[in-house]
Amino acid sequence: MSSDTLKKRKTKVLRSEGGTPEMKRGRGEGDQQDVRVYSEEVELDGRDPDQDYEQFKQTCESLAKLMGEIYELKANGAKDGCTEVEQRRMQSCIHFMNLKKLNRLAHMRLKRGRDQTHEAKQRVDVLHLQLQNLLYEVMHLQKEISKCLEFKSKHEEIDLVSEAEFYQEAPQDISRPQLTKDDPHQLTLARLDWELEQRKRLAEKYRESQATKEKIQKSIEVKKEHLSSLQPGLNAIMQASLPVQEYLSMPFEQTQKQTEIARHLPPSLYVLFVQANAYGQACDRNLSVSIIGDVDEAKALSKPPEDSQDDESDSDAEEEQEKTKRRRPTTGGQLDDKRREMLKRHPLSLCLDLKCKGINNAITLLFADGSVLHLYFYYLMNLNIMTVKTKVSTSTDLNTAISAGELLNSDTLLSCLYTNDQGRETPNPANRYQFDKVGIVSFADYVEELGHPYLWVQSLGGLQFPSDAPEVCVDMTSLSASHMESTIKLLRGRVQSRLALHKQFASLEHSIIPVSAECQHLFPAKVISRLARWTTITHQEYMDLHFVRHVTEAGLAKETDLYFMGVVERGTARLQAAVVLSPRYPEISPLFSLSLSWKGERSGRSDDNLRAMESEVNVFKNELQGPRPGHQLLTNQIARLCVCLDVYLETDGQDDSVEGPREFPREKMCLRTVRGPNRLKPFKYNHPQGFFSHR
Amino acid sequence: NKKNCSGTSHFSKWVTCPFKGRHGLALLHMSVFSQSFSPCGRFLAAANNYGEIALFSLSSALSPDATELSQKPILTFTAHEGPVFCLLSTDSQLLSAGNGEISAWSWAELIKKVMGRGKILSSCLMTLLLVSLCCLSQDNSLIVGGGDNNIHVMDLEQGNFKSVLHGHTDYIHCLSIREREGEILSGGEDGAVRIWDCRTGQSVHCIEVYKYESCARPQYGKWISCLTTDSDWMLCGGGPSLSLWHLRSLSPTSIFSLPGCQRQATFYQDMILTVGEGPCVSHCLLGGDVKAQIPCTPQSLNTLALNTNSTEHRVLTVGGSSDHIDVFTNLSYRAFSLSF
């Protein structure tokens, strides 16, 4: 509505305005010269708004009075159009005209006021903008000033000679003391000049040195070329000399190479290398030594000087470890790294190849081909111990016997080479503390990966650790030498016995007991009991057997031993034999425990005769050993077991009057079937006569 | 004097460094066959299946401050090549019967050897194949039951054999003497108990125990392995059940229902003590009841001995298929074990 009214007003104003120029023109056309032009705007200038307001009030008042008079007249019954009323209407019309004019004037005045305000505002704005510009300029300038103030010249970083030195050394034309004494700026400039001068001189000198160096290098190059041109010639000579070396069986070159590499071996491996070489040359042609591993890595390792002293480097490493430990709380990964570092072995290792000549025993135990025992010796740098891994290679296939699986296993092959030397724990007492630091519980967990730290290995390497019993310290090399021969002999014996067992087991699994010709006289020609089964059992299975309690109680069933179960059968009788086989077999003989199931269950505990059979194979075994070194002991023991079972069964008829045929007719000749208070049967076989008697 | 242990067999190896705990195997398979107390009652000699005789000091083993060591032999020596089935003490000597020979050892020397060297005193070689048992009678003669199925009577003073008693058809397990009647009783593998007259050397009676239904145990056999007498009473057993016989009527009066074969039995006060198969000493009443069975270390027992020579060391010792000899200071429980 308001907008409507505004429009109306505008149109009105426009009309009036539009009208006026027309009027002006129209009038202007009429009388140009006459300047009496009416202009409301001009009139407006001449009027006073207060007067207008006064006039407005008067007009309204007189209008109201006139209206009141009209009303009164009308009320008094005056007729429409009567003069009085008409007069008054005229008067009020005039008043209305007056009001209209006043209104128009008020509008014009308002407009003008607005315009004026706008104009003033614009002026203020311009001024404000100017002010802003100026302020910005001021700020910029200030920034520039501060930037300038903060400017750092490069020369401040240049290390200049001291002032006194400068005056002393610099020539006059640079120092110009009369000018620079008072002016620090000039002084600095002069000093910089001097610096530049000096540097120029040095650069010149550098260039000269470079040139001489190049010259020398060139001459070296030339000399080198000359030397390398000699190499092929020398090689050719060496090559030519090889046949001669071979012909004279003096492998100089190879040994030279080996000794060259051997220089990088850690001390203990070096001792072993030298001793093994010496022993091999002096006593044992079937022993060969070689060095394997990365020589460059070993060289790199031996470079740092502190490595020459083992102890210091060790303690250094420990300190470092301690530091790192203190700095960071240990997490699993770090510990793993540290463990790996601690168990690190030297990049070089020794390989001893021990050829075992065929054992000259007959029948089924033929070893025409030699088999080779490979021993790999490692040195654990941080633990300062040596370990050994083994491998046996044979030319024939040995995978036939299942129960023999453990025999040539690297883990058990060399177990207890010397009494109680199981090679599962580290022999170096210091290692225990090292292990504590990185959380290794036992070295045994790492044996699989690193090899066994047997005591004899340490001795071969000249490493001696104090054990429980105080020992006299021996000189390093003689220590190794004193062990070499006996150890090599033991190793060879061990491998031979294991290989022999391997062959024997293969036939035992096929229920054949191999008896060599030398041992034939130990058994009668006719043995009816047969080996029915031969299997390997675990230590736990052995411990669970009910008839071996006396063995376990006597502490004769150790975890390092191997365990087997043999079953001998004849007719309805079934004899179980649990066997403990020491790793040191045949030096330590196998131990049999028996259980017979025939007319009920009997064992060596409840039956004196079975006990006697046990002692027949366990105690009286010396006659069963066969040719030295007694590799046939086990098979002979089993064979004797069969014979004893025959005797046991055949002599068991207590009552001759039992009706019907006996299950086991008596075929063996016996002097006396029973003897002694415990009525033992005659288990001893007397060879040429072929009868059985008592012990 | 011939040295007994000159046998060349492997025994010597076992015996040279025998019982230092090194040869567990030999210990594991050891059996004790016989024991005998010294005349003074302070020592016990025990023999095993390896032909060794060990001497134990009862006085030190029984003393309050006894240690492990006092339960070990103070002396061990090899007396014979084969097992020693019988030991017997006379007033001054220890007699041991081995495979075909009887040796005599002076007790005085043996005891002295504790402090000195091990030296064998005297021995006399016999021509028998096997000696199973020997027994001493009043007139200083030794009665030997042999493997030749005969009983030999030897004069200990002269060292020669006075007479031979023929009759048994298999070898003789056990002998007993009735001093007052001048009778010798013998039991053997043939299952017969024979009663001999000492003076005439004739067999007076022959009881075939296995033929008596109340005693017979055909599942075991017929042999007689233990025999002992006390005035008019005889105790015998083996394959047949252990039974108490009245000798004048020659009839079994009570039968003891014990499992297994009995190997040695003895009268003790109003009781019978007996050992055999099975790890226990059985106490039986004369009436035939089994009063108690006292457990022992060995799995089966061969020998039992009561020390009557000394009142302060009055013990019962039993040995069997083990290297341990159990000692009973009180009959109702095992006190400790001596061991080889």
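Residues numbered from 1 in each chain as written. Chains lettered and ligands numbered in written order. Predicted model: local features only at pLDDT ≥ 70, side-chain atom pairs only at ≥ 80, totals over all residues. Heavy atoms only, no water.

The name given to chain B in an unreviewed UniProt entry is THO complex 6, with the source organism recorded as Myripristis murdjan. According to the UniProt record, the Sequence similarities (unreviewed entry) comment for chain B reads "Belongs to the WD repeat THOC6 family." (UniProt positions renumbered as here; feature names shortened; annotations may be inferred.)

Going by the annotation in an unreviewed UniProt entry, the name recorded for chain A is THO complex 5, with Myripristis murdjan given as the source organism. Comment text from UniProt for chain A, heading Subcellular location (unreviewed entry), reads "Nucleus". Its UniProt record gives chain A the following Sequence similarities (unreviewed entry) comment, quoted word for word: "Belongs to the THOC5 family."

**Topic: the overall build of chain B**
Counting its secondary structure elements, chain B contains four helices and 28 strands. The buried share of chain B, taken over its 340 residues, is 59%. Pairs at least 24 residues apart make up 44% of the contacts formed inside chain B by residues separated by at least 6 positions. Within the structure as shown, chain B displays about 13900 Å² of accessible surface, and the carbon and sulfur contribution to it stands at 49%. (Helix = DSSP H or I, 4+ residues; strand = E, 2+ residues; numbered from the N terminus. Buried < 20%, exposed > 50% of the residue type's maximum accessible area, 1.4 Å probe, protein only. Contact = heavy atoms within 4.5 Å. Areas by Shrake-Rupley, 256 points an atom, 1.4 Å probe, with all protein chains shown as cover.)

**Quick look at the interface of chain B and chain A**
Taken together, the contact pairs 34 residues of chain B with 27 residues of chain A. Surface buried jointly by chain B and chain A totals about 2600 Å² across both partners, of which 56% is contributed by carbon and sulfur atoms. In this structure, the salt-bridge partner of A:Arg679 is B:Glu189, at a minimum N-O distance of 2.5 Å. One can count eight residue pairs in polar contact (both at pLDDT 80 or more) joining chain B with chain A. When residues of the side of chain B that touches chain A are traced back to their parent elements, those giving at least two are helix H1 (11-16) and helix H2 (24-28) of chain B. Looking at the side of chain B that touches chain A element by element, the count peaks at four residues for H2(B). Its residues assigned to classes, the side of chain B that touches chain A comprises 15 nonpolar, 15 polar and four charged. (Buried area = accessible area lost by both parts, 1.4 Å probe. Salt bridge = Lys/Arg side-chain N within 4 Å of Asp/Glu carboxyl O. Polar contact = N/O pair within 3.5 Å; in protein donor to acceptor, adjacent residues only side chain to side chain. Nonpolar A, V, L, I, M, F, W, Y, C, P; charged D, E, K, R; others polar.)

**Thoughts on the sheet that holds strand S3 (residues 52-57) of chain B**
Residue and element names in this part refer to chain B. Ordered by their spatial adjacency, four strands build an open sheet running S1-S2-S3-S4, and the pairing between neighbours is antiparallel. Each of the sheet's edge strands pairs with one partner strand only, and the pair in question is strand S1 (32-37) and strand S4 (75-78). In this sheet, neighbouring strand axes are inclined to one another by 20° on average, regardless of whether the strands run parallel or antiparallel. Alignment of S1 against strand S2 (residues 43-48), held across five bridges, turns out to be antiparallel. The residue bridging Val32 from the neighbouring strand is Asn48, located in S2. (Pairing = 2+ DSSP bridges. Axes fitted to C-alpha atoms, helices over the stretch in contact; angles between N-to-C directions.)

**A short note on unusual backbone geometry**
In terms of backbone geometry, most residues other than glycine have negative phi values and most peptide bonds are trans. All names here are of chain A. The phi dihedral of Asn384 is positive, around 55°, even though this residue is not glycine. For Asn384, the location among the structural elements is in the loop between strand S3 (371-380) and strand S4 (385-393). By relative accessible area, Asn384 is classed as partly exposed at 23%. The residue Lys599 is not glycine, and still its phi comes out positive at about 55°. Structurally, the position occupied by Lys599 is in the loop between strand S8 (591-597) and strand S9 (601-603).

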